[in-house]
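# Notes for the structure review
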Amino acid sequence: MSETLEIERHRAAIARTEISRPVRLAIEWAILNPDKSFFDYGCGYGGDVQRVANLGYTSAGWDPYYYPDAAITPADVVNLGYVLNVIEDTEERHQSLIQAWEITRQVLIVAAQILINAPSKAQLAYNDGIVTSRNTFQKYYEQAELKTYIDQVLNVDAVPVALGVYFVFRDEAEKESFKAIRFFSRTSTPRVRIPSKRFADYQEQLTPLMEFFTQRGRLPSKGELANEAELLGEFGNFRRAFAVVLQATDEAEWDAIAYRRSLDIQVYLALTHFDQRPKFHQLAPEIRHDIKAFFGSYDEACNVADQKLFSLGRPKVVQTACEKSKIGKLTRGALYVHVSALPAIDPLLRIYEGCASRTIGRVDGATLIKYYTDKPQISYLFYPDFDTDPHPALQASITIDLKTLYVTHRDYSTRANPPVLHRKETFVTTNYPLYEQFAKLTQQEQELGLLQDKSEIGTRAGWEKCLAAHGVEIRGHEVYLIKED
């Protein structure tokens, strides 16, 4: 291939109608917020720069073609979004990554095209990528390849956030805090059941303490609570203050929160085994306090977490955990769990899923997690109409082989007869907002004998044929008999 081919890089710029995915993820994870400045290195048409500014953030950008005269200035959060994959010169690509990192004060966002999204049609090979029909260059990375590239060039440990998206942190403690928070299960503050007069008198002052315990599963350490002086002045210590809370609420609910937080920490620590596990002093202060409160020492916490992790290597451990799971739908070869139920399942299965997500990050839009019981694989299944469609069709799947870390993507959106779901309540927990609605539909379908022939009703065509044979139709989540003329 001739090296004189003229690549028109600027034509790779995309005119977006909303904030790009990498920047949106940074906002969702509070990496980018109103208190932090933003710079888009290689901003193309400047859409992210403008939309971030519209949110009230300090925002600027530079692009070699569209904004060549703009100043390249340091910022707290710098975005290098889909730039590396359009630079055909390997040395220039290398320098772009370094330059973006040099102006990063806190977090660098790096995003690039991932191989599973590459077009299937044969295209003109050029250097280490391809030339597109628009005469632009594209380098498609493997997910693990992109991390290795970032880590080696910058001498860092990039954190996967989603497919093709990584966060690179300046501060080690901030990085570890981010990694830990991703495994924190969501909990709600226990409601007041017996409002004693003493609790009512101090409810306003006690609310921040209750919110803190809900978030961390423990009492605060010195300096962690904004109204600390006020509470200590009134009660002497946090334990006495919380005793007033316990008089008005169900203590078992607080114990459950503490237990779930201890499991969250175990999942996080188990997965640090794959990287260079941070020293205790490298952890964020709040994580250090968590570990002391739940385990007494860092060594003990790591030991407990590692025992769970190593047990996953023993034969049939995952299969047994799937078979014993009280949450999810178990079939002959797999356990299917809704993503919202992940924090509530066996910690062994949470760690197992973490082995996949630590490589590919959060899988945007995934509905179900499929645990294979006969091979080391996990799939993320996309049913975008899960809540609204009584029998949603599978739109796509992403599968990761936990031995090779190879990622496979399958698109079902154009298939005439895609798989469909039944018994949706089995995938979620009983506190899922639509659980009762799902369960009622299943009961109606069972009573009418619609769910008997499992081999036939698993696809859209088979299900429609079944409905027609029984003379019924489903509107919303209700079954209706079709009236004959």
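Scoring rules and cut-offs
- Residues numbered from 1 in each chain as written.
- Predicted model: local features only at pLDDT ≥ 70, side-chain atom pairs only at ≥ 80, totals over all residues.
- Heavy atoms only, no water.
- Helix = DSSP H or I, 4+ residues; strand = E, 2+ residues; numbered from the N terminus.
- Rg over C-alpha atoms; globule rule 2.2 N^0.38 Å.
- Buried < 20%, exposed > 50% of the residue type's maximum accessible area, 1.4 Å probe, protein only.
- Contact = heavy atoms within 4.5 Å.
- Areas by Shrake-Rupley, 256 points an atom, 1.4 Å probe, with all protein chains shown as cover.
- Core = buried A, V, L, I, M, F, W, Y, C linked by side-chain atoms within 4.5 Å.
- Pairing = 2+ DSSP bridges.
- Axes fitted to C-alpha atoms, helices over the stretch in contact; angles between N-to-C directions.
- Expected span 1.5 Å × (residues − 1).
- Arc of directions from axis to C-beta.
- Parallel < 35°, antiparallel > 145°, perpendicular 65-115°, else oblique.
- Left-handed = near helix turned anticlockwise from the far one by under 90°.
- Disulfide = S-S within 2.5 Å.
- Polar contact = N/O pair within 3.5 Å; in protein donor to acceptor, adjacent residues only side chain to side chain.
- Phe/Tyr/Trp six-rings, centres within 6.5 Å; stacked < 30°, edge-to-face > 60°.

## A closer look at the overall build of the chain
The helix and strand inventory of the chain stands at 16 helices and 17 strands. At 26 Å, the chain has a C-alpha radius of gyration in line with the 23 Å of a compact globule built from 485 residues. Taking all 485 residues of the chain together, 50% fall into the buried category. The contacts of the chain with a sequence gap of at least 6 include a subset with a gap of at least 24, amounting to 63%. In the form shown here, the chain has an accessible surface area of approximately 24200 Å², with 49% of it arising from carbon and sulfur atoms.

## Some remarks on the nonpolar core
In terms of nonpolar packing, the biggest core is built from 51 residues, with L269, I291, L312, L349, Y371, I378 and Y380 touching the most fellow members. Considering each element in turn, this core owes the most residues, 7 residues, to helix α13 (residues 347–360). Apart from the residues lying within four places of it in its own chain, the contact partners of I291 are I265, L269, F280, L283, G296, S297, Y298 and A301. With 28 residues, the next largest nonpolar core counts W62, V86, L108 and A158 among its residues.

## A closer look at the pairing of strand β17 (residues 478–481)
Note: strand β16 (residues 472–475) against β17, 4 bridges, orientation antiparallel. If you follow I474 over to β17, its bridge partner there is V479. Hairpin connection from β16 to β17: 2 residues lie between these consecutive antiparallel strands, with G476 at a positive phi of about 65 degrees.

## Notes on the sheet that holds strand β2 (residues 59–62)
Taken in spatial order, the 6 strands line up as β2-β1-β3-β4-β9-β8 in an open sheet, and their pairing is mixed. A single partner strand is all that each edge strand has here, and the edge strands are β2 and β8 (159–162). Shown here is a sheet whose adjacent strand axes are inclined to one another by a mean of 20 degrees, direction ignored. Judged from the 3 bridges that link them, β8 and strand β9 (residues 165–169) form a sheet pairing that is antiparallel. Opposite V159, over in β9, you have F167 as the bridge partner. Its contacts with the sheet place helix α3 (residues 90–102) against β1 (38–41), β3 (75–81), β4 (104–111) and β9, and it is angled at close to 145 degrees to β4.

## Let's talk about the pairing of strand β15 (residues 407–411)
One face of the sheet, then the other: side chains in a regular strand alternate in exactly this way. Across 5 bridges, strand β14 (residues 396–401) lies against β15 in antiparallel orientation. Paired with I398 across the bridge in β15 is H409. In this antiparallel pair of consecutive strands, β14 and β15, the connection spans 5 residues, and L405 shows a positive phi of 60 degrees.

## Details of α3
Over its 13 residues, α3 runs 19 Å from end to end, which matches the ideal 18 Å to within 8%, given 1.5 Å per residue. Among the residues of α3, those classed as buried are R93, S96, L97, A100 and W101. Down the axis of α3, the buried side of the element spans an arc of 130 degrees, and every buried residue falls inside it.

## With respect to unusual backbone geometry
Phi is positive for A30, which is not a glycine, with a value near 60 degrees. Its place among the elements puts A30 in the loop between α1 (21–28) and β1. Its identity as a non-glycine residue notwithstanding, R423 has a phi of 50 degrees, on the positive side. Structurally, R423 is set in the loop between β15 and α14 (435–447).

## A word on the sheet that holds strand β11 (residues 334–338)
On the basis of which strands lie adjacent, the open sheet formed by 6 strands has the order β10-β11-β12-β13-β14-β15 and antiparallel pairing. The sheet terminates laterally at β10 (329–330) and β15, the two strands that pair on one side only. In the sheet, β10 pairs with β11 via 2 bridges, with the strands oriented antiparallel. Pairing of K329 across the sheet is with Y336, part of β11. Relative to the sheet, α13 contacts β11, β12 (368–372), β13 (377–382), β14 and β15, its axis offset from that of β13 by approximately 75 degrees.

## Thoughts on the packing of helix α12 (residues 317–324) against α13
Where α12 contacts α13, the axes come no closer than 9 Å and their chain directions differ by 125 degrees. When the axes of α12 and α13 are compared, the pair comes out oblique. Considering the relative orientation of α12 and α13, their crossing is left-handed. Across the interface between the two elements, V317, V318, A321 and C322 from α12 touch L348, L349 and Y352 from α13.

## Brief notes about the state of the cysteines
According to the stated counting rule, one finds 0 disulfides in the structure shown. With no disulfide partner, C355 has as its closest neighbouring cysteine sulfur the one in C322, 13 Å distant.

## Thoughts on the packing of helix α9 (residues 251–272) against helix α10 (residues 285–295)
Contact geometry for α9 and α10: axes closest at 10 Å, N-to-C directions at 115 degrees. When you trace α9 past α10, the crossing you get is left-handed. Counting all contacts with α9, which are made through A258, R261, S262, I265, Q266, Y268 and L269, the residues of α10 involved are I287, D290, I291, F294 and F295.

## What to know about the side chain of Q143
Mapped onto the elements, Q143 comes out in helix α4 (residues 143–154). Among the polar contacts listed, one links the side chain of Q143 to the backbone nitrogen of G164, at a separation of 2.8 Å. In this structure, Q143 is in contact with I114, P160, A162, L163, G164, Y166, T359 and I360, ignoring residues within four places of it in sequence.

## Some details on the packing of aromatic side chains
Inspection of every chain in the model, using the stated rule, returns 17 aromatic pairs. Here Y65 and Y66 contribute two aromatic rings whose centre-to-centre distance is 4.9 Å and whose plane-to-plane angle is 75 degrees, an arrangement assigned as edge-to-face. Here F213 and F242 contribute two aromatic rings whose centre-to-centre distance is 4.7 Å and whose plane-to-plane angle is 10 degrees, an arrangement assigned as stacked. Here F213 is found in helix α6 (residues 197–216), whereas its partner F242 is found in helix α8 (residues 238–248), with 29 residues between them in sequence.

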